[in-house]
Amino acid sequence: MSTTLDLHSHSEASEDSRAPLEAYLNWLKLKRADRPLDGIVLTEHRQFNQDADYRELEDKFGMLVLKASEVETDYGHVLVFGVTPEMTQRFDFANVHLPAQEVIDEVARMGGVAIPCHPGRPNVGLCEHYTKKPPLQNVIAVEVLNGGSRKGEDDRSEALVKQFGYRAIGGSDSHLVSLIGLCATRFDADVRTADDLVRELRGGAYEPVDFRPKRKPVPQAVAVEVK
Amino acid sequence: MVDYDPAIIGRVFETTEPLQVSAEMVANFCTAIGESNPLHTDADAAKKGPYAGITAPPSFAVTFRNGQHFFQHVPRYGKQGFDAGKDVEFVGPIRPGDAITLSSHVKEIYEKTGRTGSMVFVIVRTTLTNQKSEVVAHIDHRFMNRT
Amino acid sequence: MPEDNSDLNFETVKIGDELGPEEFHLSKDQVRAYARATGMWVPRFTDDEAARKEGLPGMITPGNMSLAILSKLVTDWMGASGARLTRMGTTYRQPVMPDHTLTLHGFVTDKKDIDHTAEMDIWLENEDGERLVVGTATVHFPR
């Protein structure tokens, strides 16, 4: 039984997002035909709320809500799945200059998995850092499909995957309610917990999925005359 | 981590002299943004509206200039601050004939990295008050500094 | 063109309702008119050559103007309903270059019975579908 999850989303806990979690879940319920998701993963910027409990909302909407984090490193942004108290003690998630190689290795040692996100993005993506520094070791997967990518960025991520043989995930990177779930990851296996997610990301079968509508070409509008 | 004096948070660093709102300013603003709603452009129609007279469109609230020393009080980090966005609370109408005072304080400072590199964000809250001491708007300016 | 939304009220608004999409050509003259009207007659908002000297690709649209354009999407949608725009937040992600066709988008994302408000996502896109300015707005409906 497969599971489709948006692996990259920000609620209003992230300072640049304006999306309440409940509104996200309600939107997915409304858009189920176009975006058939089983749940989302909250990857708040530079923080992790160990105590947040979303079971009530999960029951209300029949959707899975998992917690993760997006941290900032010397090789760009990284999604950390399977966050434990040991990890948040080991690394200050608010630090915007975390050492990426240590994050990848220590998170793995502590039972999680760290996945570089939007690698094709300038400054905060792997591709640019790989032009200046040695590639990271022990990278399992990167986020090839990111809903906030600009022209060409996901293409660069694809090229990186081909070059290094990384696995690929997808996520919306949404900061607005209506953009949730436009990109996601489909797992062959049943994923119900953060442990399931980590296990599958490390060794399971999965692929990015794109639910964005095909864009129609924009006609040239007539200029408004201004006196 | 970002270095700043915590005492500046919440402390009002500037209150401007009252800035006059003229009918011409409101009319020019409406023309510039293509606003044709009679509540903002037609005195007779606006008289029958909720405010019994012409009011400026809500986004007129962000056009008021802060004082000339404003940026001397806004902490700077690295290269020049850019306007990264605004959060505006529209509390009450602004009308031709009003005199608006702006009062500002630093609300928050934080650091992050993005497409253009390392950044420090400084949030300044400006409260707009009219000649009757009624608050008409709160504006949170987000200034982005590239470090 | 704004719709006649005099039928719009708190009961008829639904989560998922769309604002726009609205396409328009933002001209340099219109940007200059805004700069003049708001006392922002500075090189970056009025002159390509001067803007390039500042390291910009050409003259750009003031962030405040993008905010105004997006707020007009919402107030046009409100029409004659008697509703009031009470809050708007915008993030300027990329410079908005004039002489381009821009598309405005919006969706109602939430309704709150307790204070009779609707929340919406709003954003402005270029011809490539890149979201240049994004944000949210709150509209209060009369009881």
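The model shown is predicted, which means the values in this text are computed figures rather than measured ones.

Digging into the overall build of chain A
And step 1. Helix and strand content of chain A: seven helices and nine strands.
And step 2. In terms of overall dimensions, chain A is globule-like: its C-alpha atoms have a radius of gyration of 18 Å, near the 17 Å expected for 227 residues.
And step 3. Along the first, second and third principal axes, the C-alpha atoms of chain A reach 60 × 45 × 35 Å.
And step 4. Taking the intrachain contacts of chain A between residues at least 6 apart in sequence as the baseline, contacts between residues at least 24 apart amount to 74%.

Quick look at the interface of chain B and chain A
And step 1. The interface of chain B with chain A comprises 10 residues on the first partner and nine residues on the second.
And step 2. Contributing elements (two or more residues each) for the side of chain B that touches chain A: strand E4 (99-114) and strand E5 (117-129) of chain B.
And step 3. Looking at the side of chain B that touches chain A, the element that brings in the most residues is E4(B), giving five residues.
And step 4. Of the residues assigned to the side of chain B that touches chain A, the class counts are one nonpolar, six polar and three charged.

Brief notes about the interface of chain B and chain C
And step 1. In this assembly, 22 residues from chain B lie in contact with 23 residues from chain C.
And step 2. Secondary-structure elements contributing two or more residues to the side of chain B that touches chain C are helix H1 (23-33) and strand E3 (82-90) of chain B.
And step 3. The element contributing the most residues to the side of chain B that touches chain C is E3(B), with eight residues.
And step 4. Its residues placed into classes, the side of chain B that touches chain C shows 10 nonpolar, six polar and six charged.
And step 5. Here E3(B) runs beside strand E2 (residues 84-92) of chain C; their pairing, made up of five bridges, is antiparallel. In the strand pairing of E2(C), Gly85(B) is matched with Thr91(C).

So, unusual backbone geometry
And step 1. Here the residue pair Gly20(C) and Pro21(C) is connected by a cis peptide bond, since its omega of 0° sits within 30 degrees of zero.
And step 2. Mapped onto the elements of the fold, Pro21(C) is located in strand E1 (residues 18-26).
And step 3. The phi torsion at Asn138(A) lies on the positive side, around 65°, for a residue other than glycine.
And step 4. In this structure, Asn138(A) sits in the loop between helix H5 (126-130) and strand E6 (141-146).
And step 5. The residue Ser133(B) is not glycine, and still its phi comes out positive at about 60°.
And step 6. Its place among the elements puts Ser133(B) in the loop between E5 and strand E6 (135-146).
And step 7. Overall, Ser133(B) belongs to the exposed group, with 7 C-beta atoms counted inside 10 Å.

Some details on the confidence of the model for chain C
And step 1. Of the residues in chain C, 96% have a pLDDT of 70 or more, and the chain-wide mean is 93.
And step 2. Interface scoring of the predicted complex returns ipTM 0.92; its pTM is 0.93.

Remarks on the nonpolar core
And step 1. Ranked by size, the top nonpolar core spans 138 residues in total, and within it Tyr24(A), Val80(A), Ile115(A), Ala61(B) and Val74(C) carry the most contacts.
And step 2. With nine residues, the top contributor of residues to this core is helix H4 (residues 63-78) of chain C.
And step 3. Apart from the residues within four sequence positions on either side, Val74(C) is in contact with Leu19(C), Leu85(C), Gly106(C), Met120(C), Ile122(C), Ala137(C) and Val139(C).

With respect to helix H1 (residues 21-30) of chain A
And step 1. Among the 10 residues of H1(A), seven are classified as buried, and the element is accordingly described as predominantly covered.
And step 2. Residues of H1(A) that are buried include every one of Leu21(A), Ala23(A), Tyr24(A), Leu25(A), Asn26(A), Trp27(A) and Leu28(A), and no others.
And step 3. Considering only its buried residues, H1(A) is in contact with strand E1 (3-9), strand E2 (39-45), helix H2 (55-61) and strand E3 (64-73) of chain A together with strand E3 (100-112) of chain C.

Conventions and cut-offs
Residues numbered from 1 in each chain as written. Chains lettered and ligands numbered in written order. Predicted model: local features only at pLDDT ≥ 70, side-chain atom pairs only at ≥ 80, totals over all residues. Helix = DSSP H or I, 4+ residues; strand = E, 2+ residues; numbered from the N terminus. Rg over C-alpha atoms; globule rule 2.2 N^0.38 Å. Contact = placed C-beta atoms within 7 Å. Nonpolar A, V, L, I, M, F, W, Y, C, P; charged D, E, K, R; others polar. Pairing = 2+ DSSP bridges. Buried ≥ 20, exposed ≤ 12 C-beta atoms within 10 Å, placed from the backbone. pLDDT = per-residue confidence, 0-100. Core = buried A, V, L, I, M, F, W, Y, C linked by C-beta atoms within 7 Å.

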